[in-house]
Amino acid sequence: MLYAVLCYNDESVTSAWSKEEDDKVMRDLTAVQRKYVEAGKLGPVARLLPTTAATTLRHGAGETIVIDGPFAETKEQLLGFYLIDCGSLDEALDFARELSIANPSAGSYEIRPLALYKPGEFPS
Amino acid sequence: MTETAWIDLALVSARPQAMGALLRYFRNLDQAEEAFQEACIRALKTWPRTGPPRDAAAWLIFVGRNSGIDQVRRRSRETALPPEELLSDLEDREGELADRLDGSHYRDDILRLLFVCSNPALPATQQIALALRIVSGLSVRQIARAFLVSDAAMEQRITRAKARVAAAGIPFETPDAADRAERLAAVATMIYLVFNEGYSAMNGPEGVSADVCDEAIRLSRLLLRLFPAEPEIMGLTALLLLQHSRARARFDADGAIVLLDDQDRRLWSRPMITEALAMIDKAMRHRRPGPYQIQAAIAALHARAKSPEETDWQEIDLLYRALERLQPSPVVTLNRAVAVSKREGPEAALALVEPLGDRLSGYFYYHGLRGALLKQIGRRSEARVAFDRAIALATNAAEAAYIRMQLDRLDGEAAPAVVAEEEQ
């Protein structure tokens with residue numbers, strides 16, 4: 001079974017970390033990750049940029065609207081995610097727009113650039 | 001991370017919101033500050049035992065309010081009758097714990113707190129000191145050290161600023177859209193000033209001024225969270241991140257200035273650059289260019305260039321032209337002259353720089369750049385005069401040292417000879 005482990009924290013606190021504190025947290029986390037990478041169990045690891053860097057595409061009645069900032073509704077749940085390599089935010093938004101057309105039920109796509117990406121070593 | 005370190009961080013990050021709400025209740029900066037301090041003391045006693053509250057800011061607002069009310073009552077026993085308007089809307093207790101962060105007050109509270117520190121009636125130095133003290137919660141000593149003044153002088157600066165704020169009156173009415181835009185612009189300017197102060201004091205005591213730059217970035221991100229659709233705030237945040245991304249490369253091991261062209265670009269902070277580029281991308285979609293966005297775009301062109309030779313000076317020239325149209329200033333033209341010197345050579349740049357003389361005669365960078373251009377053309381004696389003028393105007397030792405180095409190269413003299421000459 002594949003599991004996604006999603007990380008939540010208060011970003012006003014994490015962004016107040018000093019570089020030393022941030023480095024220490026990342027080092028400690030990397031030590032945990034390494035163990036699982038070596039066991040062939042850990043796939044991609046990503047750290048997202050702050051929500052201030054997020055843009056949200058909302059799918060309404062037959063049209064999509066783009067909103068600055070993160071997804072903020074509480075009545076919808078996180079159902080999936082994609083990683084896509086784009087030259088610009090516009091390109092990423094085009095991708096999300098295509099997805100929303102392919103799946104015409106209402107919903108939202110939050111587009112958030114990555115701060116860090118480790119592909120990991122996933123056995124097929 | 002130790003437990004108290006965790007609590008400190010929680011207090012720091014909850015501060016703007018809690019202070020903003022307490023300022024709304026007490027309508028007085030000193031009282032709000034006192035109440036917040038009291039709440040922090042209780043948090044340090046209580047949280048290690050009870051664990052973190054779900055919502056640190058709400059906890060601090062509630063406890064701060066109550067302790068503030070107690071103090072008002074205590075004082076009122078000592079002095080005259082309680083000022084009724086202070087107490088009347090403070091009676092509600094637990095119910096108001098739900099006076100929440102996501103409530104409509106929250107955004108205007110923080111904006112008001114920031115705006116109080118950005119009051120255009122305050123000189124820049126006072127805005128900066130007040131913001132670092134009130135919003136960021138840096139101690140007077142920390143701020144004094146960052147700006148190389150005595151604790152007493154900084155204390156006095158902050159006291160004066162508070163007196164001016166009190167005299168000007170704090171705007172408590174809910175701002176309309178126009179007021180909000182005006183406040184936003186004033187606050188953005190203040191944050192930019194804070195950053196610049198830290199940036200130009202960077203060669204001061206180790207790390208302290210970098211903290212000031214970090215604070216400015218934190219404030220800018222905070223503002224962007226409150227106003228997520230403002231492209232200029234995205235531009236401001238990106239600009240500060242890009243400038244700060246070069247912090248480690250700006251000085252060598254001896255504290256001497258390293259110019260952009262000579263910096264080791266591997267020392268630039270990639271995470272900051274990545275975040276800034278994403279932010280610029282977001283801002284551009286709005287098609288509402290502004291001075292911060294343009295300056296960020298210029299900084300981004302430097303960040304994107306893997307070596308100085310790969311810098312797109314033509315685009316930088318164009319962006320400075322756009323900035324000149326939007327916000328005409330001799331300093332912008334001076335900056336454009338650097339791009340012109342790279343593309344068209346020192347003569348063309350000098351032609352752009354010379355007419356700025358009467359407006360920039362007291363500006364270090366004007367004489368520094370003019371000297372460098374004259375030197376490139378081979379007008380050595382004029383270059384020397386310009387460099388001497390620059391040294392006289394330098395605001396810190398690193399600036400002066402950098403120009404002295406230019407002079408040394410000009411004269412072909414060894415550095416110690418110059419020092420000896422000066423000591424006579």
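Conventions used here
Residues numbered from 1 in each chain as written. Chains lettered and ligands numbered in written order. Predicted model: local features only at pLDDT ≥ 70, side-chain atom pairs only at ≥ 80, totals over all residues. Helix = DSSP H or I, 4+ residues; strand = E, 2+ residues; numbered from the N terminus. Buried ≥ 20, exposed ≤ 12 C-beta atoms within 10 Å, placed from the backbone. Contact = placed C-beta atoms within 7 Å. Core = buried A, V, L, I, M, F, W, Y, C linked by C-beta atoms within 7 Å. Axes fitted to C-alpha atoms, helices over the stretch in contact; angles between N-to-C directions. Parallel < 35°, antiparallel > 145°, perpendicular 65-115°, else oblique. Left-handed = near helix turned anticlockwise from the far one by under 90°. Nonpolar A, V, L, I, M, F, W, Y, C, P; charged D, E, K, R; others polar. Expected span 1.5 Å × (residues − 1). pLDDT = per-residue confidence, 0-100. Pairing = 2+ DSSP bridges.

Peer 1: Looking at this model, I keep getting lost on the overall build of chain A. Mind explaining?
Peer 2: Broken down by element type, chain A carries three helices and five strands. In chain A, the succession of helices and strands from N to C terminus is α-α-β-β-β-α-β-β. Summarising its shape, the C-alpha atoms of chain A cover approximately 45 × 40 × 30 Å along the three principal directions. Expressed as a percentage of its 124 residues, the buried residues of chain A come to 15%. Considering only contacts within chain A whose residues lie at least 6 apart along the sequence, 68% involve residues at least 24 apart.

Peer 1: Which parts of the structure should I look at to understand the nonpolar core?
Peer 2: Generally speaking, soluble globular proteins have nonpolar side chains that are buried together. Residues and elements named next belong to chain B. The biggest cluster of nonpolar side chains holds 126 residues, and the ones touching the most others in it are Leu 22, Leu 60, Ile 191, Val 194, Leu 242, Ala 276 and Ala 296. Take this core: its biggest share by element is eleven residues, from helix H1 (residues 3-26). Beyond its immediate chain neighbours, meaning those up to four positions away, Ala 276 contacts Ala 238, Leu 241, Leu 242, Ala 296 and Ala 300.

Peer 1: What's the story with the environment of Val212(B) in this structure? I'm lost.
Peer 2: Residues and elements named next belong to chain B. With respect to the element layout, Val 212 can be found in helix H10 (residues 208-226). What makes Val 212 buried here is the crowd of 26 C-beta atoms within 10 Å. Note: C-alpha distance between Val 212 and Leu 239 (27 residues apart in sequence) is 15 Å. Ignoring anything within four residues of it in the chain, the contact list for Val 212 reads Leu 132, Ala 146, Val 194, Glu 197 and Gly 198.

Peer 1: Is there a simple way to explain the interface of chain B and chain A in this structure?
Peer 2: Accessible area lost when the parts come together is the quantity often used to give the size of an interface. Counting residues at the interface gives 20 residues for chain B and 18 residues for chain A. Secondary structure elements with two or more residues in the side of chain B that touches chain A: H1, H10 and helix H12 (270-284) of chain B. For the side of chain B that touches chain A, the element with the most residues is H12(B), which contributes seven residues.

Peer 1: Would you mind showing me how to read the packing of helix H18 (residues 364-377) of chain B against helix H19 (residues 380-393) of chain B here?
Peer 2: A pair of packed helices is characterised by two quantities: the angle between their axes and the separation of those axes. All names here are of chain B. Axis separation between H18 and H19 bottoms out at 8 Å; the angle between their running directions is 160 degrees. Judged by the angle between their axes, H18 and H19 are roughly antiparallel. The element H18 and its partner H19 pack so that their crossing is left-handed. Contacts between H18 and H19 involve Phe 364, His 367, Gly 368, Arg 370, Gly 371, Leu 374 and Lys 375 from the first element and Arg 380, Glu 382, Ala 383, Ala 386, Phe 387, Arg 389, Ala 390 and Leu 393 from the second. Residue composition of the contact of H18 with H19, grouped by class: seven nonpolar, three polar and five charged.

Peer 1: Which parts of the structure should I look at to understand helix H15 (residues 330-344) of chain B?
Peer 2: It helps to recall that an α-helix has 3.6 residues per turn; residues three or four apart then point in one direction. All names here are of chain B. Over its 15 residues, H15 extends 20 Å from the first C-alpha to the last, a length consistent with the 21 Å expected when each residue adds 1.5 Å. Regarding H15, the residues found buried are Val 332, Thr 333, Leu 334, Asn 335, Arg 336, Ala 337, Val 338, Ala 339, Val 340 and Ser 341. In the core, the buried residues of H15 are packed alongside helix H14 (313-326), helix H16 (346-353), helix H17 (357-360) and H18. One or two residues past the end of H15 sits Gly 345, with phi positive at roughly 100 degrees.

Peer 1: I tried to follow unusual backbone geometry on my own but got confused; where do I start?
Peer 2: Trans is the prevailing form of peptide bonds, just as negative phi is the prevailing case for residues other than glycine. All names here are of chain B. Positive phi is not limited to glycine here, since Arg 27 has a value of about 55 degrees. Tracing the chain through its elements places Arg 27 in the loop between H1 and helix H2 (29-50). Phi angles above zero are rare outside glycine, and Leu 148 is one such case at about 55 degrees. Following the sequence through the fold, Leu 148 ends up in the loop between helix H7 (140-146) and helix H8 (151-168).

Peer 1: Even after reading the chapter, I still don't get the environment of Val12(B), so can you show me in this structure?
Peer 2: Within the secondary structure, Val12(B) is located in helix H1. Residue classification places Val12(B) among the partly exposed residues on the basis of 18 C-beta atoms within 10 Å. For the pair Val12(B) and Phe387(B), spaced 375 residues apart in sequence, the C-alpha separation works out to 44 Å. Excluding residues that lie within four positions of it along the chain, Val12(B) makes contacts with Ala16(A) and Gly137(B).

Peer 1: I would appreciate a short explanation of the confidence of the model for chain A in the present structure.
Peer 2: Caution applies to low-pLDDT regions: their predicted coordinates should not be interpreted in detail. Put simply, chain A has an average pLDDT of 89, and 98% of its residues get 70 or more. Taken element by element, chain A is modelled with least confidence in helix H1 (residues 11-14) of chain A, mean pLDDT 83, and with most confidence in strand S1 (residues 45-48) of chain A, mean pLDDT 96.

Peer 1: Would you mind showing me how to read the sheet that holds strand S3 (residues 64-68) of chain A here?
Peer 2: Paired through backbone hydrogen bonds, the strands of a sheet run either parallel or antiparallel to each other. Residues and elements named next belong to chain A. Read across the sheet, three strands follow the order S3-S2-S4 without closing on themselves; strand pairing throughout is antiparallel. Single-partner strands in this sheet number two, and they are S3 and strand S4 (107-111). Shown here is a sheet whose adjacent strand axes are inclined to one another by a mean of 20 degrees, direction ignored. Two elements, strand S2 (residues 55-59) and S3, share five bridges in a ladder whose sense is antiparallel. Among the inter-strand pairings, Arg 58 is bridged to a residue of S3, identified as Ile 65. Strands in contact with helix H3 (residues 89-102) are S2, S3 and S4; relative to S4, the strand with the most contacts, it is inclined by about 160 degrees.

Peer 1: Got a minute to help me understand the confidence of the model for chain B in this structure?
Peer 2: Residues and elements named next belong to chain B. When pLDDT is averaged along chain B, the result is 85; 87% of the residues meet or exceed 70. Scored below 50 in pLDDT, residues 81-102 shows 20 contacts in the model against residues more than four places distant or in partner chains. Segment residues 413-424: pLDDT under 50, and six contacts once partners within four positions in sequence are set aside and those in other chains are kept. In the model output, the complex is listed with pTM 0.86 alongside ipTM 0.88.

Peer 1: What is the right way to read the environment of Asn103(A) from this model?
Peer 2: Structurally, the position occupied by Asn103(A) is in the loop between H3 and S4. As a C-alpha pair, Asn103(A) and Tyr82(A) span 21 residues in sequence and 15 Å in three-dimensional space.

Peer 1: I'm lost on the packing of H15(B) against H16(B) in this one. Help?
Peer 2: Residue and element names in this part refer to chain B. One way to put it is that H15 packs onto H16 with a least axis distance of 7 Å and a crossing angle of 165 degrees. Of the possible angle classes, the one that applies to H15 and H16 is roughly antiparallel. In the crossing of H15 with H16, the sense of the turn from one axis to the other is right-handed. Along the contact surface, H15 presents Thr 333, Leu 334, Arg 336, Ala 337, Val 340, Ser 341 and Glu 344, while H16 presents Pro 346, Ala 348, Ala 349, Leu 352 and Val 353. Broken down by class, the residue content of the contact of H15 with H16 amounts to eight nonpolar, two polar and two charged.

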